[in-house]
Amino acid sequence: MNRTQPKRRSFDAGSTVTMLSNQEKDCCSKWSCCTRRCVFITVGVLLVLLGIALAIALAVVLALPSKTPESRLCVTSNNYTGFLCDDRITCLLPSQVCNSASDCGNGEDEASSICSNLPKNLPGYLIFRCGNPTNWIYSNLKCNNINNCGDCSDESQSHASCPACGSQWWTCTPVLSQYCNCIPISRCQNGVQDCTDWSDEYVCHK
Ligand SMILES: [Ca+2]
Ligand SMILES: [Ca+2]
Ligand SMILES: [Ca+2]
């Protein structure tokens, strides 16, 4: 006796999956019926896009030139605060900067970025403000016993904190306005009055 097996309803897994995927695709455009899988996909895509945006922003920031100028402060062989050339070795005296002579290998000591509006664009450590603040001198000319400011404020103890005249100088009130508190000892007993009290000719000995 032939028994007829009841026909089973075929189940096409592939078509079912395809059908569900299409439903999910439709759901992705409708938030109200969005499936959990759809949410995960959407969040994942957003995170990837955010990561790309952050990477681009970081690359742009790193590619930008630093706005902080590189320090050129250095100390010269005779202990003046100076200007460091691009070679990171040569240290110029302040008075060698913006003096119309190229002293650094690449001429960076005469660059218009620092020399175009003196002394405004010069680093502050290269200049000294005189008693009259509209006047200025290069800082290495302070306390050199020469009247560079014109009012001797660059040689005064009170304004410039200068030490006493050194051993190669004779302390007196000079006749010549180029000196302030002393004269070079080489001018003692030279037959010319250099001190108002004549001490350079009668007291000082070379
Ligand atoms: Ca120069
Ligand atoms: Ca001086
Ligand atoms: Ca003299």
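Residues numbered from 1 in each chain as written. Chains lettered and ligands numbered in written order. Predicted model: local features only at pLDDT ≥ 70, side-chain atom pairs only at ≥ 80, totals over all residues. Heavy atoms only, no water.

Enquirer: So what exactly am I meant to see when it comes to the overall build of the protein chain here?
Expert: Helix and strand content of the protein chain: five helices and seven strands. Across the protein chain, helices and strands are ordered from the amino to the carboxyl terminus as α-α-β-β-β-α-β-β-α-β-β-α. Per-residue burial over the protein chain gives 27% buried out of 206 residues. By sequence separation, contacts in the protein chain at least 24 residues apart represent 22% of the contacts at least 6 residues apart. Working note: accessible area of the protein chain is about 14400 Å², and carbon and sulfur atoms make up 57% of it. (Helix = DSSP H or I, 4+ residues; strand = E, 2+ residues; numbered from the N terminus. Buried < 20%, exposed > 50% of the residue type's maximum accessible area, 1.4 Å probe, protein only. Contact = heavy atoms within 4.5 Å. Areas by Shrake-Rupley, 256 points an atom, 1.4 Å probe, with all protein chains shown as cover.)

Enquirer: What's the story with the pattern of salt bridges in this structure? I'm lost.
Expert: When their charged atoms lie close together, side chains carrying opposite charge are able to pair. As enumerated under the stated definition, the model contains two salt bridges in all. Arg72 is the partner of Asp86 in a salt bridge, and the nearest nitrogen-oxygen pair spans 2.6 Å. Highlighted residues: Asp86 in the loop between strand S2 (81-84) and strand S3 (91-92) and Arg72 in the loop between helix H2 (36-63) and strand S1 (73-75), separated in sequence by 14 residues. Exposure remark for Asp86: the relative accessible area of 37% places this residue in the partly exposed category. With its nearest N and O atoms 2.6 Å apart, the salt bridge here joins Asp194 to Arg187. (Salt bridge = Lys/Arg side-chain N within 4 Å of Asp/Glu carboxyl O.)

Enquirer: How should I be thinking about the UniProt feature "domain: LDLRAD1-like C-terminal" (unreviewed entry) in the protein chain in this particular structure?
Expert: UniProt records the feature "domain: LDLRAD1-like C-terminal" (unreviewed entry) at residues 163-202, using the numbering of this structure. For residues 163-202, helix accounts for 10% and strand for 15%, while the C-alpha atoms at its two ends are 25 Å apart. (UniProt positions renumbered as here; feature names shortened; annotations may be inferred.)

Enquirer: Mind showing me how you'd approach the coordination of the calcium ion (ligand 1) here?
Expert: Within the protein, the calcium ion (ligand 1) binds to Gln96 (O), Asn99 (OD1), Ala101 (O), Asp103 (OD), Asp109 (OD) and Glu110 (OE); these donor distances fall in the range 2.1 to 2.3 Å. Coordination at the calcium ion (ligand 1) comes from six donor atoms whose angles at the metal span 78 to 171°, giving a geometry best classed as octahedral. All donor residues of the calcium ion (ligand 1) come from one chain, and their arrangement in sequence is Q-x2-N-x1-A-x1-D-x5-D-E. Taken together, the residues span a long stretch of sequence, with Asn99 in the loop between S3 and helix H3 (112-115) and Glu110 in the loop between S3 and H3 at a distance of 11 residues. Given a relative accessible area of 34%, Asn99 falls into the partly exposed group. (Donors = N, O, S within 2.8 Å, 3.2 Å for Na, K, Ca; no water. Tetrahedral: all angles 85-135°; square planar, octahedral: opposite > 155°, others 65-115°.)

Enquirer: Is there a simple way to think about the coordination of the calcium ion (ligand 3) in this case?
Expert: Each pair of donors in an ideal four-coordinate tetrahedral metal site encloses 109.5 degrees, whereas pairs in an ideal six-coordinate octahedral site enclose 90 or 180 degrees. In the first shell of the calcium ion (ligand 3), the protein supplies Arg187 (O), Asn190 (OD1), Val192 (O), Asp194 (OD), Asp200 (OD) and Glu201 (OE), at 2.2 to 2.4 Å from the metal. In terms of primary sequence, the donors binding the calcium ion (ligand 3) are separated according to R-x2-N-x1-V-x1-D-x5-D-E. Residue Arg187 is found in the loop between strand S7 (182-184) and helix H5 (199-202), and its partner Asp200 is found in helix H5; the two are separated by 13 residues along the sequence. Under the relative-accessibility criterion, Arg187 is labelled partly exposed at 24%. Overall, the relative accessible area of 0% leaves Asp200 in the buried class.

Enquirer: Explanation requested: unusual backbone geometry in the structure shown.
Expert: If a residue is not glycine, its phi is most likely negative; likewise, a peptide bond is most likely trans. Here the bond from Leu118 into Pro119 is cis, since omega is -5°, no more than 30 degrees from zero. For Arg88, which is not a glycine, the phi torsion comes out positive at approximately 60°. At Cys152, a residue that is not glycine, the phi angle is positive and equals roughly 65°. Mapped onto the elements, Cys152 comes out in the loop between strand S5 (136-138) and helix H4 (157-160).

Enquirer: Can you help me understand the confidence of the model for the protein chain in this one?
Expert: Fine structural detail should not be taken from predicted coordinates in areas where pLDDT scores are low. Chain-level pLDDT for the protein chain is 85 on average; 79% of the residues reach the 70-or-more range. Under a pLDDT of 50 for its full length, residues 6-19 has, in the predicted model, one contact with residues more than four places off or in other chains. (pLDDT = per-residue confidence, 0-100.)

Enquirer: Is there a simple way to think about the state of the cysteines in this case?
Expert: Cysteine pairs can be linked by a disulfide, which is a covalent bond between their two sulfur atoms. If you walk through the whole model with that rule in mind, you get nine disulfides. Across a sulfur-sulfur distance of 2.0 Å, Cys74 and Cys91 are joined as a disulfide pair. Linking Cys74 and Cys91, the disulfide has an S-S dihedral of approximately 95° and is accordingly described as right-handed. Taken as a pair, Cys74 in strand S1 and Cys91 in strand S3 lie far apart in primary sequence, 17 residues in all. A relative accessible area of 10% places Cys74 in the buried class. The disulfide bridge from Cys172 ends at Cys195, spanning 1.9 Å between sulfur atoms. Between Cys172 and Cys195, the S-S torsion sits near -70°, and that sign places the bridge as left-handed. Separated by 23 residues along the polypeptide, Cys172 in the loop between strand S6 (169-171) and S7 and Cys195 in the loop between S7 and H5 bring together distant segments of the chain. For the pair shown, Cys172 and Cys195 are each scored as buried. (Disulfide = S-S within 2.5 Å.)

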